[in-house]
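So you can see what is in the structure, the chains are spelled out below.
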2 protein chains.
Amino acid sequence: MKAVKKVTWKEELAAKTLRIEELIKTYLPKEKGFQKTIVQASNYSVCAGGKRLRPMLMEETYRLFGGDGPEIFPFMAAIEMIHTSSLVHDDLPCMDNDEYRRGRKTTWVEFGYDMAVLAGDALLTFAFETAAGAFSDTRHPERVGRAIQILAGKTGMYGMIGGQTVDVEMTEKPMTEEQLDFVYRLKTGALLEASMMIGAVLAGADEESIKQTEYAASLVGMAFQIQDDILDLTSTTEILGKPVGSDEKNQKTTYVTLHGLEQSRSDVEKISRKAIEVLKGLPGENEFLLQLIQMLITREK
Amino acid sequence: MKAVKKVTWKEELAAKTLRIEELIKTYLPKEKGFQKTIVQASNYSVCAGGKRLRPMLMEETYRLFGGDGPEIFPFMAAIEMIHTSSLVHDDLPCMDNDEYRRGRKTTWVEFGYDMAVLAGDALLTFAFETAAGAFSDTRHPERVGRAIQILAGKTGMYGMIGGQTVDVEMTEKPMTEEQLDFVYRLKTGALLEASMMIGAVLAGADEESIKQTEYAASLVGMAFQIQDDILDLTSTTEILGKPVGSDEKNQKTTYVTLHGLEQSRSDVEKISRKAIEVLKGLPGENEFLLQLIQMLITREK
């Protein structure tokens, strides 16, 4: 009898990430035609790497509720396009003015300011085009319709873009606890909520479960962002792959400046425990999803 | 017996425009919450006026095919939001660097560069959120799904944004006839095609009619753009409400520089006659739509 090698959780995570990378690539636009600069700029941005956390949370939530159709795939690509689009515009000189991201030149540095504005627009639009493609291959058009509504709602001015607005406006200004909570819930949380809710909706989860999923996702977003603040203060540039101490340098209000390091650490723990508790109460099981969320919160980079 | 006053075509146009203005307003986001700057910037941009041509073409095409449901309304608002979003980003310093539009300060001048980038993003996203709202109020979810696909496709990198890309890249460079045709078809034409096709799709037109509608719309877009070039050369700033001679000043390749004024005038006439001929061949009638297209092409501003 051959020995069966047990796959570790980390190997499973790596394999799933790779599979998502491949999946996203199949949805990318073709680099041809007179307008190929914009297609190149879009693909350059999407292919810059990253955890692919949002599509992963989406698919795992879909599996949790027993989803097994093809309509999840375009949405997985779409949410990553939207996330990337927001990074492309965030990096612009008139916003964060960042020249590097994940060790590569940012889109505006590589393709020019004008092309980066257009690439962000193009990716945002292509996300909705891609998601709407799910209509061609589903037995549940009403679920696809609702998923598009969620995708747009959580992206827009009452979601991610709304959070980004306040974050930009409050740069170098002190924020109240209420304002910071707003920015975290919207800028970071909204797209994670979209990811998990769309998984639930497409799998046909009941209304109460969709609501609980949204709640769990908002907790995950909050814990994720607080952990980000902690790492900016306690990690090293080497481990994190980006400059640490930038919040302090920019005199940014963070969860840590408002509540102190010790309290922040204990709150991350508490919030993430609550998120896992909520997910365990759902009708369905997905051990990988629970481990993924645990990892996000205890991560060191 | 009371004398019945005959409503002129111009009065009918004015009344319809006003009704569309009111309709769009009902879909605008509420200016409240921490992120209200972005909502104000979005609404400022949408309320800057304009011909409201795209929603009007959409509704009239919908009526042509006998459409009478409520699902057209959110799409009428959505297409105007997308058009506005593109103007907000076009005016940015890194693009056309325009400080005034229709006699008012452009969005970036009024709200800042960063807020104008975000306002364009917010409007683009809100357009899809608004359009997806049609799912809640339709007996034809598959038509709504297809309309969203068309909306995104004609907006994105293979539509308006693709045309804008080439237009920006070729600034101050000579364009070939083929490149100019590409820019006109995409930058101007694509959104007009979306407008009329969505009207046809939502009304339940057959495939051949949808195709013919797209063709007619592309002709309208081409004639509209050539007329724009002619007016830039022959009109006065007073009549046009914007500086004339800007194409010449910017050494821009236009239809008129490539083909001369006389040929351009005769082509506008020819293309528009063809557009009207195609529309007359469709199963349905809408005299107002034909007059509207005639007006667009013979307009003096």
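The present account deals with the structure reproduced in this document. Not measured: the values here are computed from a predicted model.

Each value, and the rule that gives it
Residues numbered from 1 in each chain as written. Chains lettered and ligands numbered in written order. Predicted model: local features only at pLDDT ≥ 70, side-chain atom pairs only at ≥ 80, totals over all residues. Heavy atoms only, no water. Helix = DSSP H or I, 4+ residues; strand = E, 2+ residues; numbered from the N terminus. Rg over C-alpha atoms; globule rule 2.2 N^0.38 Å. Buried < 20%, exposed > 50% of the residue type's maximum accessible area, 1.4 Å probe, protein only. Contact = heavy atoms within 4.5 Å. Areas by Shrake-Rupley, 256 points an atom, 1.4 Å probe, with all protein chains shown as cover. Lys, Arg positive; Asp, Glu negative; His and termini not counted. Charge placed at Lys NZ, Arg CZ, Asp CG, Glu CD. Expected span 1.5 Å × (residues − 1). Least-squares fit on C-alpha atoms with pLDDT ≥ 70 in both. Salt bridge = Lys/Arg side-chain N within 4 Å of Asp/Glu carboxyl O. Axes fitted to C-alpha atoms, helices over the stretch in contact; angles between N-to-C directions. Parallel < 35°, antiparallel > 145°, perpendicular 65-115°, else oblique. Left-handed = near helix turned anticlockwise from the far one by under 90°. Nonpolar A, V, L, I, M, F, W, Y, C, P; charged D, E, K, R; others polar. Buried area = accessible area lost by both parts, 1.4 Å probe. Polar contact = N/O pair within 3.5 Å; in protein donor to acceptor, adjacent residues only side chain to side chain. Phe/Tyr/Trp six-rings, centres within 6.5 Å; stacked < 30°, edge-to-face > 60°. Lys NZ or Arg CZ within 6 Å of the ring centre and 35° of its normal.

## Some points on the overall build of chain A
For chain A, the helix and strand inventory stands at 15 helices and two strands. Taking 2.2 N^0.38 as the reference for a compact globule, 301 residues should give roughly 19 Å; the C-alpha atoms of chain A span a radius of gyration of 19 Å, in line with that estimate. In chain A, which comprises 301 residues, the proportion classed as buried is 58%. Contacts in chain A between residues at least 24 apart in sequence constitute 71% of all its contacts with a sequence separation of at least 6. Total accessible area on chain A is roughly 13,200 Å²; 51% of this is exposed by carbon and sulfur atoms. With 36 positive and 45 negative side-chain charges, chain A shows a separation of 5 Å between the mean positions of the two kinds.

## With respect to helix H6 (residues 113-132) of chain A
Relative to the 28 Å expected for 20 residues at 1.5 Å per residue, H6(A) spans 29 Å between its end C-alpha atoms, a close match to the ideal helical length. Buried residues dominate H6(A), accounting for 18 of its 20 residues.

## Here we look at unusual backbone geometry
With the exception of glycine, the majority of residues adopt a negative phi angle, and the majority of peptide bonds are in the trans configuration. Not every positive phi belongs to a glycine, and A:Arg102 is a case in point at roughly 50°. Assignment of secondary structure puts A:Arg102 in the loop between strand S1 (100-101) and strand S2 (104-105).

## As for helix H4 (residues 72-90) of chain B
Working note: α-helix, 3.6 residues per turn, so residues spaced by three or four point in the same direction. Taking 1.5 Å per residue, 19 residues should reach 27 Å; H4(B) reaches 27 Å between its end C-alpha atoms and fits that length. The buried fraction of H4(B) is high, at 18 of 19 residues.

## Regarding the relation of the copies chain A and chain B
Expressed as a screw transformation, the operator carrying chain A onto chain B has a rotation angle of 180° and an axial translation of 0.0 Å, and the superposed copies differ by an RMSD of 0.0 Å. Between the two chains, the operation in question is that of a two-fold axis. A share of 100% of the interface residues of chain A reappears at the interface of chain B, consistent with the copies meeting face to face through the same patch.

## Examining the pattern of salt bridges
All told, the structure shown has 30 salt bridges over all chains when counted by the stated rule. A:Glu59 is paired through a salt bridge with A:Arg19; the nearest N and O atoms lie 2.9 Å apart. Of this pair, A:Glu59 sits in helix H3 (residues 53-64) while A:Arg19 sits in helix H1 (residues 9-27), and the two are 40 residues apart along the sequence. Here B:Asp167 and B:Lys187 are joined by a salt bridge, their closest N and O atoms 2.8 Å apart. With B:Asp167 in helix H8 (residues 160-169) and B:Lys187 in helix H9 (residues 177-202), the pair connects residues that are 20 residues apart, well separated along the chain. Three or more residues are tied together by salt bridges with common partners; here these are A:Arg19, A:Glu59 and A:Arg63.

## Quick notes on the packing of helix H10 (residues 207-234) of chain B against helix H14 (residues 261-280) of chain B
Residues and elements named next belong to chain B. Remark: H10 packs on H14, axes separated minimally by 9 Å, with the N-to-C direction vectors making an angle of 155°. On the basis of their axis angle, the class for H10 and H14 is roughly antiparallel. H14 is crossed by H10, and the crossing has left-handed handedness. Contacts from Gln212, Tyr215, Ala216, Leu219, Val220, Met222, Ala223, Ile226, Gln227, Ile230, Leu233 and Thr234 of H10 reach H14 at Leu261, Ser264, Arg265, Val268, Ile271, Ser272, Lys274, Ala275, Val278 and Leu279. Across the contact of H10 with H14, the residue classes tally to 15 nonpolar, five polar and two charged.

## Remarks on the interface of chain A and chain B
Each partner contributes to the interface: chain A provides 48 residues, whereas chain B provides 48 residues. With both chains or domains summed, chain A and chain B bury close to 4,500 Å², and 75% of this area falls on carbon and sulfur atoms. In terms of surface lost to chain B, no three residues of chain A exceed A:Phe34, A:Gln35 and A:Met157, which account for 18% of the buried area on that side. Between the two partners, chain A and chain B, sit zero salt bridges. The tally of links between chain A and chain B comes to nine residue pairs in polar contact (both at pLDDT 80 or more). Listed by contribution, the elements that provide at least two residues to the side of chain A that touches chain B are helix H2 (36-46), H6, helix H7 (141-155), helix H8 (160-169) and helix H9 (177-202) of chain A.

## Notes on the packing of aromatic side chains
Going through the model one piece at a time under the given rule, you end up with eleven aromatic pairs over all chains. Judged by centre distance (5.2 Å) and plane angle (75°), the rings of A:Phe34 and B:Phe182 are edge-to-face. With A:Phe34 in the loop between H1 and H2 and B:Phe182 in helix H9, the pair connects residues from two separate chains. Assessed through its relative accessible area of 9%, B:Phe182 is described here as buried. Every member of this aromatic cluster is reached through a ring pair, and the members are A:Trp108, A:Tyr113, B:Trp108 and B:Tyr113. Sitting over the ring of A:Tyr44, A:Arg104 keeps its end group 4.0 Å from the ring centre. Taking the ring centre of B:Phe288 as reference, the NZ or CZ of B:Lys16 above it sits at 4.3 Å.

## Looking at the packing of helix H1 (residues 9-27) of chain B against helix H3 (residues 53-64) of chain B
All names here are of chain B. With their axes 10 Å apart at the nearest point, H1 and H3 run at an angle of 105° to one another. Here H1 is positioned roughly perpendicular relative to H3, judged by the angle of their axes. Within the contact between the two elements, H1 uses Leu13, Lys16, Thr17, Arg19, Ile20 and Ile24 and H3 uses Pro55, Met56, Glu59 and Glu60. Looking at the contact of H1 with H3 residue by residue, the class counts come to five nonpolar, one polar and four charged.

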